[in-house]
Amino acid sequence: MSPRLYFGLAALGALALAAVVFWPAARPQLEERRSKPASSKTTTDVTRTAPANPPSDFLKRMLNGDIAKLTAEQIEHYVESRGRDALSLIVASMLGEGGDKWLDEAAERFPNDPRVAAALLIKRGGRPEAGEWIARLKELDPGNSLGYLLAAKSALDGRDLDGAMKELSALDSTRMNDFRETWQAGITDAYHSAGYQGMEAEWLGMAQTPVMSGEVMKLSAGIAEAMVAAKERGDRATAEALGRSGMKAAALVNGRGDRDLLINQLISVSMERKLLNQLHAFDFIPGDERLVVDRLSEMDKRIARIKSVIQSHTELLPTMTESELSQFTRRVQVEGELKAMEWLVAQRQAAK
């Protein structure tokens, strides 16, 4: 298991903001634009006229990849001000250099908090004892899909098909909680405690919130491989059961639909494609009445929608006014990244 189960916004480069970096195909374009001098930069039609009232300096800095970091003293002050509770220690481990001392303290003082188990998997998921933390997460948060998905992946990695099937069979009674909202609230609170205000603290919280679905994405490759093996030995029932479980896992990753993170939406599509690619185009989807070819067409249209919106939104982000920035932030939080992007693009098109 990878020691980092998430995609941190700050780690992905210059446009380290919310949804933009969550579209892999956009990254080469963004990196190319970074390397060009300002005079050679091109814009889309909807950004031809930039507003006279640009956003705050903090957004400009973030667009240039400058993510404000808290000092060790500021982090320690935040932890003390929150009574060294579990969340403050976890947040400190995410924001501070190394972070081991805070995470060790959280594990020692709050061993029965599922958030601690999840944080241990984020920071130390590549270690041999990760299986113990997955088991603890399942025990402490039995209604959360995350523990079962990670356990199923671990079982498939170990060629334990029966163990993986057992873990996958538990998914029907669960819902996905990647603790993202908890981490974001805590990180934002830490910046507030250090004197950062308003939108700046909120965007810094969004920009540094861990996302744990990256490791889950690898599960679909293991399921697809197991499906092929089951077919080759003539075990159609197992292949179909794996297909249904894989489709369920993909749906859980994107459990909030348009409100979910774009990275989760794209990971869900990637997981589903890996499974559908093992089927004939005119087969029925396991556990579904739709044809594979029809579902693939639906996913292609969704990806095209996301790609189109991000391409326009990428150019608009640095030109937002203070009012647009405030509204955009609220829409991200309430409606999700994709709809917030679509709103911003529509606003500018209507103003033309």
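The rules behind the values
- Residues numbered from 1 in each chain as written.
- Predicted model: local features only at pLDDT ≥ 70, side-chain atom pairs only at ≥ 80, totals over all residues.
- Heavy atoms only, no water.
- 1 Å grid on protein atoms, 1.4 Å probe; cavity = no way out; pocket = protein on both sides within 12 Å on 5 of 7 lines; lining within 4 Å.
- Points joined across faces, edges and corners; volume = space filled by probe spheres on them.
- Helix = DSSP H or I, 4+ residues; strand = E, 2+ residues; numbered from the N terminus.
- Nonpolar A, V, L, I, M, F, W, Y, C, P; charged D, E, K, R; others polar.
- Expected span 1.5 Å × (residues − 1).
- Buried < 20%, exposed > 50% of the residue type's maximum accessible area, 1.4 Å probe, protein only.
- Contact = heavy atoms within 4.5 Å.
- Salt bridge = Lys/Arg side-chain N within 4 Å of Asp/Glu carboxyl O.
- Axes fitted to C-alpha atoms, helices over the stretch in contact; angles between N-to-C directions.
- Parallel < 35°, antiparallel > 145°, perpendicular 65-115°, else oblique.
- Left-handed = near helix turned anticlockwise from the far one by under 90°.
- Phe/Tyr/Trp six-rings, centres within 6.5 Å; stacked < 30°, edge-to-face > 60°.
- Lys NZ or Arg CZ within 6 Å of the ring centre and 35° of its normal.
- Polar contact = N/O pair within 3.5 Å; in protein donor to acceptor, adjacent residues only side chain to side chain.

Student: When you look at empty space enclosed by the protein in this model, what are you seeing that I'm missing?
Tutor: One water molecule sets the probe size; rolling that probe over the atoms shows where empty space is left. All told, the structure shown has 2 cavities of 30 Å³ or more when counted by the stated rule. Empty space within the second largest cavity amounts to approximately 30 Å³. Elements represented by at least two residues in the lining of the second largest cavity include exactly helix H2 (57–63) and helix H11 (198–207). Broken down by element, the lining of the second largest cavity gets its largest block of residues, 3 residues, from H2. Looking at the lining of the second largest cavity residue by residue, the class counts come to 4 nonpolar, no polar and 3 charged.

Student: Before we go on, may I ask you to explain helix H14 (residues 262–276) in this structure?
Tutor: Side chains of residues three or four places apart in an α-helix project in the same direction, reflecting 3.6 residues per turn. Between its terminal C-alpha atoms H14 stretches 21 Å, which fits the 21 Å expected from 15 residues at 1.5 Å a residue. In terms of burial, H14 is largely enclosed, as 12 of its 15 residues are buried. Taken together, the buried positions of H14 are Leu 262, Ile 263, Asn 264, Gln 265, Leu 266, Ile 267, Ser 268, Val 269, Met 271, Glu 272, Leu 275 and Leu 276. Looking at the buried side of H14, the elements it contacts are helix H12 (213–232), helix H13 (236–253), helix H15 (292–316) and helix H17 (337–351).

Student: Please clarify how the pattern of salt bridges should be interpreted in this entry.
Tutor: Opposite charge on two side chains allows them to pair when their charged atoms are near. The tally for this structure, following the rule as stated, stands at 27 salt bridges. Where Glu 272 meets Arg 295, a salt bridge forms, and the shortest distance between an N and an O atom there is 2.6 Å. In this pair, Glu 272 sits in helix H14 while Arg 295 sits in helix H15, placing the two residues 23 residues apart along the sequence. A relative accessible area of 7% places Glu 272 in the buried class. For Arg 295, a relative accessible area of 18% puts it in the buried group. Residue Arg 331 is joined to Glu 335 by a salt bridge in which the shortest nitrogen-to-oxygen separation is 3.4 Å. Of this pair, Arg 331 and Glu 335 are both found in helix H16 (residues 322–335), 4 residues apart, which corresponds to roughly one turn of the helix. By relative accessible area, Arg 331 is classed as partly exposed at 25%. One network of salt bridges, in which partners are shared, links Glu 76, Glu 80, Arg 84, Glu 105 and Arg 109.

Student: Which parts of the structure should I look at to understand the packing of helix H7 (residues 130–140) against helix H8 (residues 145–157)?
Tutor: Packed helices, taken two at a time, are described by the angle their axes make and the gap between the axes. At their nearest, the axes of H7 and H8 sit 8 Å apart, and the two run at 150° to each other. Accordingly, the angle class assigned to the pair H7 and H8 is roughly antiparallel. In terms of crossing hand, the pair formed by H7 and H8 is left-handed. Contact residues: H7 offers Ile 134, Leu 137 and Lys 138, while H8 offers Leu 146, Gly 147, Tyr 148, Leu 150 and Ala 151. Taken together, the residues that form the contact of H7 with H8 break down as 6 nonpolar, 1 polar and 1 charged.

Student: Where do I start with the packing of aromatic side chains in this structure?
Tutor: The way to describe two aromatic rings as a pair is by their centre distance and the angle between their planes. Inspection of every chain in the model, using the stated rule, returns 3 aromatic pairs. Centroid distance Phe 179 to Trp 183: 5.7 Å. Interplanar angle 35°. Geometry classified as tilted. Each member of the pair, Phe 179 as well as Trp 183, carries the same accessibility label: buried. Each ring, one from Tyr 191 and one from Tyr 196, has its centre 5.1 Å from the other, and the planes form 80°; the classification is edge-to-face. Between the NZ or CZ atom of Lys 101 and the centre of the ring of Trp 102, over which it lies, the distance is 4.6 Å.

Student: Sorry if this is basic, but what is going on with the side chain of Arg 348 here?
Tutor: Within the fold, Arg 348 resides in helix H17. Separated by 2.9 Å, the side chains of Arg 348 and Thr 319 make a polar contact.

Any functional reading would require information that these geometric values do not contain.
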